[in-house]
Amino acid sequence: MTQFMIALSDVAAAFDTFPEERRALMLKLRQLIFETAAQTPGVGPLDECLKWGQPAYLTQETKSGTTLRLGLNKAGAASLFVHCQTSLISEFREQFPESFGYDGTRAIHLDQGEEIDFEALRLFITRALTYHL
């Protein structure tokens, strides 16, 4: 497994602000985003930056997808955010209604105490990274 180093100090600092009990999961989600991008034709390299103070992943070069962001919801659950005007969350909720928590059309919430279906998340990430293809 290739490790994707955090190149920007402000992004590294954002990960450092996550509570310790959530940080490992957030870093695992970050790794999953980079691995999925590397394995998905048409996505190209990802740009990692901050959007609204959260680590964000963009397909700046190819414009193949919508932005993914990592953050915590108001209850402190690890969350994967997308642009609220996409159909990604509603389509994913139809396919996996009980597997995750959802916030309208903008986020998937991951409960730390439950088993996380990372293969389903990989599918979601692929869809987000190829949303405009």
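Looking at the pattern of salt bridges
Under the criterion given, the structure shown has four salt bridges. One salt bridge in this structure joins Asp103 and Arg106, with 3.1 Å as the shortest N-O distance. Look at Asp103 and you get partly exposed, because its relative accessible area is 28%.

Overview of the state of the cysteines
Counted according to the given criterion, the structure contains zero disulfides. Sulfur of Cys49: no disulfide; nearest cysteine sulfur belongs to Cys84 and is 17 Å away. Using a relative accessible area of 43% as the deciding quantity, one classes Cys84 as partly exposed.

Comments concerning the sheet that holds strand 6 (residues 107-110)
Across the sheet, six strands lie side by side as 1-2-3-4-6-5; this open sheet has antiparallel pairing. Taken across any chain shown, the strands that pair with only one partner, and hence form the sheet edges, are strand 1 (47-51) and strand 5 (101-103). Along the sheet, successive strands turn relative to each other by an average axial angle of 25°, direction set aside. Of the strand pairs in this sheet, strand 4 (residues 78-82) and strand 6 are connected by four bridges, and their pairing is antiparallel.

Cut-offs applied
Throughout, a residue's number is its position along its own chain's written sequence, starting from 1. In view of the model being predicted, local features appear only for residues whose pLDDT reaches at least 70, and side-chain atom pairs are presented and counted only at 80 or more, with totals across whole chains, interfaces and linings using the full set of residues. Only hydrogens and water are removed before side-chain values are computed, so all heavy atoms of the structure are retained for them. Each reported salt bridge corresponds to a side-chain nitrogen of Lys or Arg within 4 Å of a carboxyl oxygen of Asp or Glu. The buried label applies to any residue whose accessible area, calculated with a 1.4 Å probe on protein chains only, is under 20% of its type's maximum; exposed applies above 50%, and partly exposed to all values in between. Only a pair of cysteine sulfur atoms within 2.5 Å qualifies as a disulfide here. Here a strand pair is declared whenever DSSP counts at least two bridges between the two strands. Helix numbering and strand numbering both begin at the N terminus, where a helix is a DSSP run of H or I of at least 4 residues and a strand a DSSP run of E of at least 2. Here an angle of 0 to 180 degrees is reported between the N-to-C directions of two axes, which are lines fitted to C-alpha atoms, with helices fitted over the stretch in contact.

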